[in-house]
Structures are given as structure tokens and as C-alpha cells.
Amino acid sequence: MDALPIARLQFATTTSFHFLFVLLTLGLVTLVAVMQTRSAFGGKPELTRMTRFWGKLYVINYALGIVTGIVMEFQFGLTWTGLSAVAGDVFGAPLAIETLVAFFAESTFLGLWIFGFSKLNKWVHLTLIWLVTLTAYASALFIMVANSFLQNPVGTHVENGVLKLDDFGALFTNPALTMSLPHVLSAALMTGGFFVVGVSAYHFIKRTKEIEFFRRSMRIGVLTSLVGSTLVIGFGFGQFGPLGDYHPGKLETPEPLVGAPLGFMIQIGFIAFLASILGTLLLFRNWITKVRPLLYVMVLAIPLPFIAAISGWLVREIGRQPWLIRGRLTTADAVASIPAGQILFSFIAFTLLFLVLAIADWVLMSRVAKRGPDPVEEAAAPRPELPVLSGV
């Protein structure tokens, strides 16, 4: 039994699962921050209720996403010891900073935001959600810095077989980062927008009485989807330009599988873009909630951004093969020297755990999403309890 394909499959599975959580987290937190901002500046009461409702869904996804991230980190020490030995001093720096940002700053601000409803001054509370948003984006930045280093190991030199960092700033100007980071952030906006639109459409299908609530939510979701899909296409093709991370051999990798997800990603991206344009036109004509077949399509379209994102990740990662660090370390040399059976066991264990977490996330979010927002009188009253727990 060969350990390498099992190790690669384990990495692909764990990072793909975690990436799905991250996409929705980044998208939803941005939308929640926008909703709360409009509410704080004298918006209608529905905006406050929207902040609470979509905030619950965000917190659920964030909490379970953190768990998947912790599990994912174990595989670097268990399976990819060669990476740590050759590039630990470089690759580990942005990951360590990301951990401090994500687990300390972001989690602290989020905790204050959750427990601060109806307790903190509204401007302090608003500041907290924007701090949560900014630290979430900072976390994405450092993760992409680390990944871009694997694509293009800039600012380093080799000393006794180990990569040493010469210029920390070069990691942030890496051509593999300049277009890929906004591409990921745009994909997150599109994902959050499609999610909000799909959930809102579900309630219109069920003939909800919360017409104004979900009409406003759908409006924000549609416009966010349009912005996200437009940017994701632009930054996607930008990666093949002079500022991108395209390498002549990327699409000619020994693994021909890379062409299929690339084509799939491009097709879904354009479908999402056209759907967002159509949704925007129908929105301003006030037809979007009246065409029932379209509402069903909106619900079914929720997974599309996730599928496109995973396809793009496969292109980025498989296209680098056979290198783990392009030109410096092959994937075969980076895998740990342990029996294939042990790697297989950890792969099965991680996969089962991730499946449990994914199912838990789906069940909890579906329950809260289907139930809808709290009644007006309940949302207006002080609530000392954790908002997300009241909806689970």
C-alpha cells in the first residue's frame, strides 16, 4: 500500500471540508455587518431582526468551522513532516499569526458581540461586528499568504536543505497572492449572497408572513451575489495575467484531472453571474418574489458557489503537482515516513469526524433557517442569553 495517494486524499478531504465552512463564514459575517450598520444608522426594525437572525446562522457555521480547522491542523504534524522540516520556519510564520488572529482576536470580538446584544452601546456593538469582520478577513489573508508561498516560494533561500526567510514582506507581494486573495474573498461574498437569497426564497415558497423581512434580506443577498460574482470572474481570470500566479505548466500537469474542475468552475461562475444579473433586474421590478418557479431555483442554487469554490481549489492545488513547494519540495518527499496503514486510519477517522461536523452544521442551520426570525416583540426585548442557543 502506497502512503502518498492516501496522504494526498486526506489533505484534499480535510481542507475541502474546512474551506466550505470558511467561505460561508466570510460571506455571512460581511452581510451581518452591513445589516447592523444600516440598523444602527436609523434603519427600520426589520434590520435589527435581520442582524439577529442571520447572525445566528453565521455563529453556528463559525463555531463548527473552527472545529474543522483544529482537526485540519493535526495533519501537518501527522502526515507532512517533510514540509515542516524543509519550510517550517517560513510556512509556519503566517499560520501562527493566523491562529492568533482567528482564535484570539476574532473569537474575543465575536464573544463580546454575541453577549453584547441589548447590553452594549449600539455604536460599540456595531464596532465589534466590524472588528470580527476585519479579523476574519485578516485570517483569510494569512492563510492565503501561506498557500501562495507553496505556489511560489518568494523571499527565501536554501541553506543546508532548509528554506530560510530573507524578506517577510515579499510573502505579501507574492504574485500568487495578489489576485488569488481577492478571488477567494469575492467567492465568499457570492456564497453568502446565494445563501441569503436561497433561505429567503424558501420562506416565500412557504408563504411566510414575514414579507418585509425576507424581501429586504433577498435584496441584500441578490446585490451581494452580483458584486461577488462579478469580482470573482474578474479576479479569476486575473490570475492568468501579469499579476497572477499562472505558471506555463500549470494546466499541463501530469495529472490531467485539473482541466475538468477548471472548466466546471468557469461555467458555474458565469451561471452565477448571469443569475445575479437576472435577479437584480427582477428585484427592481418587484417580480423576484412572485415567480414561484424562480424561487425553487434559488433554493436549489445554494450549493453552486460551494461547488465552484472546491473546483477552483482543485485547480490551484493539483496544478502544482508533483510539487508541494513549487521547485523546492516534491509532494513525495514531504510525506511522513510512517506506514500507509496509519495514514489510512487517520484519514478514515478525520473523514468520519468531518462528516459528523458537516451533518451537525446542516441540521442546526436548517433548523434555525426554517424557523425564521424571532417575533417582533421577542426581538425587541432585552435578551441576556446567547443568541445562537435560543435558535438551536
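Under the annotation held in an unreviewed UniProt entry, the chain carries the name Cytochrome bd-I oxidase subunit I and is attributed to Amycolatopsis decaplanina DSM 44594. Recorded under Subcellular location (unreviewed entry), the UniProt text for the chain is reproduced unchanged: "Cell membrane".

1. What to know about a nonpolar patch on the surface
Taken together, the side chains of Ile-70, Phe-74, Leu-78, Leu-100, Phe-103 and Phe-104 define a hydrophobic patch exposed on the protein surface, amounting to about 580 Å² of accessible area. Counting only elements with at least two residues in the nonpolar patch, the list comes to α2 (45-79) and α3 (81-115). With respect to the helices, strands and loops of the structure, Phe-74 is situated in helix α2. A relative accessible area of 48% places Phe-74 in the partly exposed class.

2. Concerning the packing of aromatic side chains
Applying the stated criterion across every chain yields a total of 13 aromatic pairs. Ring centres 4.8 Å apart and planes at 70° place the aromatic pair Phe-53 and Trp-54 in the edge-to-face group. Note on accessibility: Phe-53 and Trp-54 belong to one class, buried. Ring centres of Trp-54 and Phe-195 lie 6.4 Å apart, and the angle between their planes is 75°; this geometry places the pair in the edge-to-face category. Remark: Phe-195 occurs in helix α6 (residues 180-205) and Trp-54 occurs in helix α2; sequence separation between them is 141 residues.

3. A few points about the environment of Ala-176
Within the secondary structure, Ala-176 is located in helix α5 (residues 175-178). Classification of Ala-176 as buried rests on a relative accessible area of 1%. Remark: the alpha-carbon pair of Ala-176 and Met-144, spanning 32 residues in sequence, is separated by 9.0 Å.

4. A look at the packing of α6 against helix α12 (residues 340-371)
The description of two packed helices rests on the angle between their axes and on the distance between the axes. One can describe the packing of α6 onto α12 by two numbers: an axis separation of 9 Å at closest approach and a directional angle of 50°. As summarised for this structure, α6 and α12 are arranged oblique, according to the angle between their axes. In this structure, the crossing between α6 and α12 has a hand that is right-handed. Residues Phe-195, Val-199, Tyr-202 and His-203 of α6 touch α12, and the partners they reach there are Met-365, Ala-369, Lys-370 and Arg-371. Here the residues of the contact of α6 with α12 sort into five nonpolar, one polar and two charged.

5. Here's the deal with the pairing of strand β1 (residues 156-159)
Of the strand pairs in this sheet, β1 and strand β2 (residues 162-165) are connected by four bridges, and their pairing is antiparallel. Each residue of the ladder has a partner; that of Glu-159, found in β2, is Val-162. Once β1 ends, the chain turns through two residues before running back antiparallel as β2, passing Asn-160 with a positive phi of about 55°.

6. Topic: unusual backbone geometry
The linkage connecting Gln-321 with the following residue, Pro-322, adopts the cis geometry, with an omega of 15°. Inspection of the secondary structure puts Pro-322 in the loop between α10 (304-318) and β3 (323-325). Its identity as a non-glycine residue notwithstanding, Ser-118 has a phi of 65°, on the positive side. For Ser-118, the position within the fold is in the loop between α3 and α4 (122-151). On the accessibility criterion, Ser-118 (46% relative accessible area) is partly exposed.

7. Here we look at the side chain of Thr-15
Residue position: Thr-15 is located in helix α1 (residues 3-40). Reaching out from Thr-15, the side chain makes a polar contact with the backbone oxygen of Phe-11 at a distance of 2.5 Å. Setting aside chain neighbours within four positions, we find Thr-15 in contact with Met-72, Gln-75 and Trp-313.

Scoring rules and cut-offs
- Residues numbered from 1 in each chain as written.
- Predicted model: local features only at pLDDT ≥ 70, side-chain atom pairs only at ≥ 80, totals over all residues.
- Heavy atoms only, no water.
- UniProt positions renumbered as here; feature names shortened; annotations may be inferred.
- Patch = residues over 30% accessible without salt bridge, like charges linked within 9 Å, V, L, I, M, F, W, Y side chains within 5 Å.
- Areas by Shrake-Rupley, 256 points an atom, 1.4 Å probe, with all protein chains shown as cover.
- Salt bridge = Lys/Arg side-chain N within 4 Å of Asp/Glu carboxyl O.
- Helix = DSSP H or I, 4+ residues; strand = E, 2+ residues; numbered from the N terminus.
- Buried < 20%, exposed > 50% of the residue type's maximum accessible area, 1.4 Å probe, protein only.
- Phe/Tyr/Trp six-rings, centres within 6.5 Å; stacked < 30°, edge-to-face > 60°.
- Axes fitted to C-alpha atoms, helices over the stretch in contact; angles between N-to-C directions.
- Parallel < 35°, antiparallel > 145°, perpendicular 65-115°, else oblique.
- Left-handed = near helix turned anticlockwise from the far one by under 90°.
- Contact = heavy atoms within 4.5 Å.
- Nonpolar A, V, L, I, M, F, W, Y, C, P; charged D, E, K, R; others polar.
- Pairing = 2+ DSSP bridges.
- Polar contact = N/O pair within 3.5 Å; in protein donor to acceptor, adjacent residues only side chain to side chain.

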